[in-house]
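Listed below, chain by chain, are the residues.
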Amino acid sequence: ATAHLQELHAAARPQAGRRRFEVVSTAVNLGGIGTGPLVAGFLAQFVTGPLRTPYIVFAVLLVLSIVAVALTPETVEARPVRPAYRPQRINADLGDRAGYVIAAASGFASFAVFGVFTSLAPGFVGGTLHHPSRFLAGAVAFIVFGVAAIAQATTAALTQSKRLAVGLAGQAAGLVVIAVGMQLTNLPAFLIGGAVTGAGAGLLFKWAVGAVVSMAAPEVRGEALAGLFLIAYAGLVLSALGLGVATLFATPSTAMLAFSAVLLVLLAAVAVLRRRAARAAVSA
């Protein structure tokens, strides 16, 4: 879908840059992930059938999406012979292996933070902070993803290098505030940290998408983005599972402290690798 959106944008505005595409593609990804918990929390709190109603709503939206996709024009010529179906391949060999690794690590790190707010955060808010509202649990996730989408939409003027630097710094600072908020069992600090982290993660993922799109040829853009999203969603899944297992043996605050330390190391590694790649490009 991301590759198709880029091609639609290029066809409709051939003289324009990629800024509009980058804003829309990354914002709808995070906006959708954030809106889901908010709507589900609202339905679970105020509507009967909390285990069924969200799925009914989603099914209706899915049908509407199928209709919209069916009406969307193609961007490539139809082949006379339809090829046999095969799963989407991924492609990381784009001529800049180091650049792709850095982008993939950035995507992993940004979505790993989002995994926290789809797994550990609701239980922490309801259990440790004693706010059992399901709507509040969904709102916490929405704040993080919503701020991430807003940060992506309002920083289009930043260059790729500045976007990466601000994203890394913001996510690192937010992680520290989240850890402190959890240690102090302070809801405002936890929410502020989540918002700052979300903004940084949103910029970091936007940079990763832009980096992969710029280095991929049109014929392999879908495969390259598929690889990026696969690694990014692996970060979301692994963080959720890892924190879930960790809370069986430690408190949520302790598990989050350890997770923050690991993620800070990963963010530092991304910064170091990016700096080395830039120096190598200048010397070459």
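Conventions used here
- Residues numbered from 1 in each chain as written.
- Predicted model: local features only at pLDDT ≥ 70, side-chain atom pairs only at ≥ 80, totals over all residues.
- Heavy atoms only, no water.
- Axes fitted to C-alpha atoms, helices over the stretch in contact; angles between N-to-C directions.
- Helix = DSSP H or I, 4+ residues; strand = E, 2+ residues; numbered from the N terminus.
- Parallel < 35°, antiparallel > 145°, perpendicular 65-115°, else oblique.
- Left-handed = near helix turned anticlockwise from the far one by under 90°.
- Contact = heavy atoms within 4.5 Å.
- Patch = residues over 30% accessible without salt bridge, like charges linked within 9 Å, V, L, I, M, F, W, Y side chains within 5 Å.
- Areas by Shrake-Rupley, 256 points an atom, 1.4 Å probe, with all protein chains shown as cover.
- Salt bridge = Lys/Arg side-chain N within 4 Å of Asp/Glu carboxyl O.
- Expected span 1.5 Å × (residues − 1).
- Buried < 20%, exposed > 50% of the residue type's maximum accessible area, 1.4 Å probe, protein only.
- Phe/Tyr/Trp six-rings, centres within 6.5 Å; stacked < 30°, edge-to-face > 60°.

Engineer: What should I look at first to understand the packing of helix H8 (residues 187-215) against helix H9 (residues 221-246) in this one?
Structural biologist: Angle between the axes and distance between the axes are the two parameters that describe a pair of packed helices. For the pair H8 and H9, the least separation of the axes is 9 Å and the interaxial angle reads 155°. In this view, H8 runs roughly antiparallel relative to H9, as classed from their interaxial angle. Viewed along their axes, H8 and H9 form a crossing whose handedness is right-handed. In contact with Phe205, Ala208, Val209, Val212 and Val213 of H8, H9 contributes Arg221, Ala224, Leu225, Leu228, Phe229 and Ala232.

Engineer: Looking at this structure, how should I read a nonpolar patch on the surface?
Structural biologist: Residues Val39, Ile56, Val57, Val60, Leu61 and Leu64 make up a contiguous nonpolar surface patch of roughly 510 Å² in combined accessible area. Looking at which element gives the most residues to the nonpolar patch, the answer is helix H3 (residues 53-71), with five residues. Structurally, valine 60 is set in helix H3.

Engineer: I'm lost on H8 in this one. Help?
Structural biologist: Along an α-helix, residues three or four positions apart point the same way, because every turn accommodates 3.6 residues. The terminal C-alpha atoms of H8, which comprises 29 residues, lie 42 Å apart, in line with the 42 Å expected from a rise of 1.5 Å per residue. H8 sits mainly inside the fold: 23 of its 29 residues count as buried.

Engineer: Teacher, can you tell me more about the packing of aromatic side chains here?
Structural biologist: Tallied over the entire structure, the rule returns eleven aromatic pairs. Aromatic side chains phenylalanine 111 and phenylalanine 114 sit 5.4 Å apart centroid to centroid with 75° between the ring planes, which places their arrangement in the edge-to-face category. Taken together, the positions of phenylalanine 111 and phenylalanine 114, both in helix H4 (residues 97-117) and three residues apart, correspond to about one turn of that helix. The pair formed by phenylalanine 111 and phenylalanine 114 is uniform in burial state, with each residue classed as buried. For the pair phenylalanine 111 and tyrosine 233, a centre-to-centre distance of 5.0 Å together with 80° between the ring planes defines the contact as edge-to-face. A residue pair is termed long-range when its members are at least 10 positions apart, and phenylalanine 111 in helix H4 and tyrosine 233 in helix H9 qualify at 122 residues. Grouping aromatic residues by their ring pairs yields a cluster made of Phe111, Phe114, Phe145, Phe205, Phe229 and Tyr233.

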